[in-house]
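Spelled out from the first residue to the last, the chains are:
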Amino acid sequence: MQEALAARGIRHVAGVLLDLGVSSPQLEEAARGFSFARDGPLDMRMDPTSGETAAEWLTRADEKEIREVIFAHGEERFAKSIAAAIVAARGREPLRTTRQLAEIVGRAVRTREPGQHPATRTFQALRIHLNQELEELEVTLPRAVAILEPGGRLAVVSFHSLEDRIVKNFIRGRSTADHLPRGVPVRAAELPIPELRPIGGAVKPSEEEIRRNPRARSAVLRVAEKVH
Ligand SMILES: C[S@@+](CC[C@H](N)C(=O)[O-])C[C@H]1O[C@@H](n2cnc3c(N)ncnc32)[C@H](O)[C@@H]1O
């Protein structure tokens, strides 16, 4: 974003809003291959012009890699049986569609989380992995702060605990003064001023908002202001 702004002669902005994750149009367009609810090619790339599709990765990766990605990025406790089922299934026929994967996962997940499709966590995990979403977020947050003017604000809407944890820790890390060695006499005026100031805590959707827009149910908004 810094380069994009510089190309427009902009050095600093008053605010950066990051609305993370997959968009509704991406979920609703079967051809993008993000959704277990709509049958389409097993793609899941946010940028369909580059990178490996989910089908290509699931065909190439070994069982251990698949298990680790589903466990780490999906927090899925059936990652082991799902990975084994995917490897067994791809031995019988090539993995091509979202419905094919959703059915394989559905058979491998022994218990159901209320109101949640059994493939939800696996699809989230593959999407996060293929699009390097957590790595991108780790890189983007400091860059977003770098382009803020003093008094400017960073607002981030995240949709699952992995993202929110990165945002929370980033804001906390930049909102606390560098630790000084114990016992060193420092006058308050000499204390380093933290770069960020959190504005309130985590903002979550109201019951009324969730009723109106169920997709907002796991959203968390965090805001921080640039001090200097
Ligand atoms: C949750 S959606 C945003 C939805 C949008 N605010 C709206 O209300 O329609 C997040 C968007 O960010 C895009 N995206 C994901 N990773 C990105 C990245 N590294 N850089 C830029 N955009 C990215 C996705 O393709 C997706 O369209």
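In this report, the structure presented in the accompanying data block is examined.

1. Section: the site of the ligand
For step 1, the next point in the chain: Taken together, Asp19, Leu20, Gly21, Val22, Ser23, Gln26, Met46 and Glu136 are the residues near the ligand.
For step 2, the next point in the chain: A distance of 2.7 Å is found between a nitrogen atom of the ligand and a side-chain nitrogen or oxygen belonging to Asp19.
For step 3, the next point in the chain: Separating a nitrogen atom of the ligand from a side-chain N or O atom of Glu136 is a distance of 2.7 Å.
For step 4, the next point in the chain: Along the lines of polarity and charge, the residues of the shell around the ligand split into three nonpolar, three polar and two charged.

2. Considering helix 9 (residues 161-175)
For step 1, the next point in the chain: Its 15 residues give helix 9 an end-to-end C-alpha distance of 20 Å, which sits within 8% of 21 Å, the value for a rise of 1.5 Å per residue.
For step 2, the next point in the chain: All buried positions along helix 9 are accounted for by Leu162, Glu163, Asp164, Ile166, Val167, Phe170, Ile171 and Ser175.
For step 3, the next point in the chain: Here the buried face of helix 9 lies against helix 4 (63-74), helix 7 (120-130), helix 8 (133-146), strand 2 (148-158), strand 3 (196-198) and strand 4 (220-226).

3. So, the environment of Gln100
For step 1, the next point in the chain: Mapped onto the secondary structure, Gln100 falls in helix 6 (residues 98-108).
For step 2, the next point in the chain: Between the C-alpha atom of Gln100 and that of Leu162, which follows or precedes it by 62 residues, the distance is 27 Å.

4. With respect to helix 4
For step 1, the next point in the chain: With twelve residues, helix 4 extends 16 Å between its outermost C-alpha atoms, agreeing within 8% with the 16 Å of an ideal straight helix rising 1.5 Å per residue.
For step 2, the next point in the chain: Burial in helix 4 covers these residues: Ile66, Val69, Ile70, His73 and Gly74. One face of helix 4 carries all of its buried residues, which in axial projection span an arc of 95°.
For step 3, the next point in the chain: Immediately beyond the C-terminal end of helix 4, within one or two residues, lies Glu75, with a positive phi of roughly 50°.

5. Re the packing of helix 6 against helix 7
How two helices pack is summed up by the angle between their axes together with the distance between the axes.
For step 1, the next point in the chain: Two elements in contact, helix 6 and helix 7, have axes whose closest approach is 9 Å; the angle formed by their N-to-C orientations is 125°. On the basis of the axis angle, helix 6 is oblique to helix 7. Seen along the crossing, helix 6 lies across helix 7 with a hand that is right-handed. Counted together, Thr98, Leu101, Ala102 and Val105 of helix 6 and Thr122, Phe123 and Leu126 of helix 7 form the full contact between these two elements.
For step 2, the next point in the chain: Tallied by class, residues from the contact of helix 6 with helix 7 come to five nonpolar, two polar and no charged.

What counts, and where the lines are drawn
Residues numbered from 1 in each chain as written. Predicted model: local features only at pLDDT ≥ 70, side-chain atom pairs only at ≥ 80, totals over all residues. Heavy atoms only, no water. Near = heavy atom within 4 Å. Polar contact = N/O pair within 3.5 Å; in protein donor to acceptor, adjacent residues only side chain to side chain. Nonpolar A, V, L, I, M, F, W, Y, C, P; charged D, E, K, R; others polar. Helix = DSSP H or I, 4+ residues; strand = E, 2+ residues; numbered from the N terminus. Expected span 1.5 Å × (residues − 1). Buried < 20%, exposed > 50% of the residue type's maximum accessible area, 1.4 Å probe, protein only. Contact = heavy atoms within 4.5 Å. Arc of directions from axis to C-beta. Axes fitted to C-alpha atoms, helices over the stretch in contact; angles between N-to-C directions. Parallel < 35°, antiparallel > 145°, perpendicular 65-115°, else oblique. Left-handed = near helix turned anticlockwise from the far one by under 90°.

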